[in-house]
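# Summary of the model geometry
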Amino acid sequence: MTENYAAFIPEVWSQKLNGMLRKNCVMPQWVSGNDDGHIKNHADTVNIISPASVAVATVSSSAITYNELSPTEQDLVIDQKKFFAFKINDIAQAQANQSIMEAHLQNAKNAIEEVQDSYLLGLHTNVAAANIIGGTTPVSLDKSTIYSNFVNLALKLKNSNALTDNQKPWVVINPTIESYLLQSTEFISAYNVADETLREGAIGRIAGMDVLVSTNLTAVDDKYYVMAGTNEAITFASQLTKIETLRDKDSFADLVRGLYLYGAKTIKPTALAKIVFAEPEA
């Protein structure tokens, strides 16, 4: 028996798509999630509490002094909203099956991932000034020196004390940077990482950082950005809040539309670092 679109209940679409976004995206691996299940409307606020630092003192004959801890509170505003909308005519409904329905979910997921990646990678502008390499004069791309630049990038994170509490650093590059990196003899590709586990989507590890490739880290004014960090740097919250179906009054078709809300905040700029590259002139 053929299952048509009429059996594809909007609530089920929403649950499945939210599940796919959480489980299969590369993006959530390099940011921290925060209570996205409570997002209902645009401009909702998610409260983020960061623990206070704890001081260590020398033991003496005097009484122990207790420090008052003051955790830092910040608000993450869900200020981004996107939608998708498409039409399914009655002939398509009659011929549709479950695999077609799942394919539409997959395509919606892919489109949302593109939006997420572009938005999050744009936060490279929040990198602490001390953690930027090539900010004044871009670093020239060269396969013989690219490895040392990535070592210096990892050093920026270490010197800013970002690699604490077993934080696993990552670095995101675009295909152009990847083409130079793959020609570097020092680069350790995925199959040479011994028994260490790479996060999903990583092509290998360099200077202790998992290397992820994204076409959404695009060049700006002929400058290429490489973004590195830990999961403590950015907090991201998102939710597909609604999927609904309507009958098209102007044709024999059903209308399907979905609303996706999200937002992010750079919580710890010192847990981010970047290199600004430029290709050598011909």
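Residues numbered from 1 in each chain as written. Predicted model: local features only at pLDDT ≥ 70, side-chain atom pairs only at ≥ 80, totals over all residues. Heavy atoms only, no water.

What follows deals with the overall build of the protein. Along the backbone of the protein there are 5 helices and 14 strands. For the protein, long-range pairs separated by at least 24 residues make up 81% of all intrachain contacts whose partners lie at least 6 apart in sequence. With an accessible surface of roughly 15,700 Å², the protein has 51% of that area assigned to carbon and sulfur atoms. (Helix = DSSP H or I, 4+ residues; strand = E, 2+ residues; numbered from the N terminus. Contact = heavy atoms within 4.5 Å. Areas by Shrake-Rupley, 256 points an atom, 1.4 Å probe, with all protein chains shown as cover.)

Now for helix H4 (residues 146–159). The terminal C-alpha atoms of H4, which comprises 14 residues, lie 20 Å apart, in line with the 20 Å expected from a rise of 1.5 Å per residue. Within H4, the full set of buried residues consists of Ile146, Asn149, Phe150, Leu153, Ala154 and Leu157. Taken around the axis of H4, the buried residues stretch over an arc of 140 degrees, which confines them to a single face. (Expected span 1.5 Å × (residues − 1). Buried < 20%, exposed > 50% of the residue type's maximum accessible area, 1.4 Å probe, protein only. Arc of directions from axis to C-beta.)

Another point: the packing of aromatic side chains. Evaluation of the coordinates by the stated rule reveals 5 aromatic pairs. Between tyrosine 119 and tyrosine 262, the aromatic rings sit 5.1 Å apart at their centres with planes inclined by 80 degrees, giving edge-to-face as the arrangement. Of this pair, tyrosine 119 sits in helix H3 (residues 98–121) while tyrosine 262 sits in strand S13 (residues 253–266); the two residues are 143 residues apart in sequence, bridging distant segments of the chain. Linked through ring pairs, Tyr119, Phe236, Tyr260 and Tyr262 together constitute an aromatic cluster. (Phe/Tyr/Trp six-rings, centres within 6.5 Å; stacked < 30°, edge-to-face > 60°.)

Of the two faces of strand S7 (residues 170–173), both are covered, the one formed by Trp170 and Val172 as well as the one formed by Val171 and Ile173. In this sheet, strand S10 (residues 209–213) lies alongside S7 in parallel orientation, the contact comprising 4 bridges. If you follow valine 171 over to S10, its bridge partner there is valine 211. Relative to strand S11 (residues 224–229), S7 is paired through 3 bridges, and the arrangement is antiparallel. Its bridge partner lying in S11, tryptophan 170 is registered against glycine 229. (Pairing = 2+ DSSP bridges.)

Turning to the pattern of salt bridges, a few remarks are in order. In the structure shown here, the tally under the stated rule is 6 salt bridges. Here arginine 257 makes a salt bridge to glutamate 244, at a shortest N to O gap of 2.5 Å. Linking arginine 257 in strand S13 with glutamate 244 in strand S12 (residues 234–247), this pair joins segments that are 13 residues apart in sequence. Arginine 257 gets classed as partly exposed once you look at its relative accessible area, which sits at 41%. Note that lysine 249 and aspartate 250 form a salt bridge whose closest N and O atoms lie 3.4 Å from each other. In terms of burial, lysine 249 and aspartate 250 fall into one category: exposed. A single salt-bridge network, built from bridges that share partners, covers Lys168, Arg205 and Asp210. (Salt bridge = Lys/Arg side-chain N within 4 Å of Asp/Glu carboxyl O.)

Time to look at the confidence of the model for the protein. In this model, the protein carries an average pLDDT of 78, and 73% of its residues clear a pLDDT of 70 or more. Taken element by element, the predicted model of the protein shows its lowest mean pLDDT in strand S8 (residues 188–189) (59) and its highest in strand S5 (residues 132–133) (96). (pLDDT = per-residue confidence, 0-100.)

Bringing the environment of lysine 265 into the picture now. You can see lysine 265 is positioned in strand S13. Considered as a pair, lysine 265 and isoleucine 234 are 31 residues apart in the sequence and their alpha carbons are 5.7 Å apart. When residues no more than four places from it in sequence are discounted, the contact partners of lysine 265 are Gln74, Asp75, Leu76, Ala233, Ile234 and Thr235.

Let's shift gears to the nonpolar core. Among the nonpolar cores identified, the biggest contains 54 residues, and Phe150, Leu153, Val171 and Phe277 are the most heavily contacted of them. With 6 residues, the single largest contributor to this core is H3. Beyond its immediate sequence surroundings of up to four residues, phenylalanine 277 is in contact with Pro138, Val139, Ser140, Leu141, Ile146, Asn149, Phe150, Ile177, Asp222, Lys223, Tyr224 and Val226. (Core = buried A, V, L, I, M, F, W, Y, C linked by side-chain atoms within 4.5 Å.)

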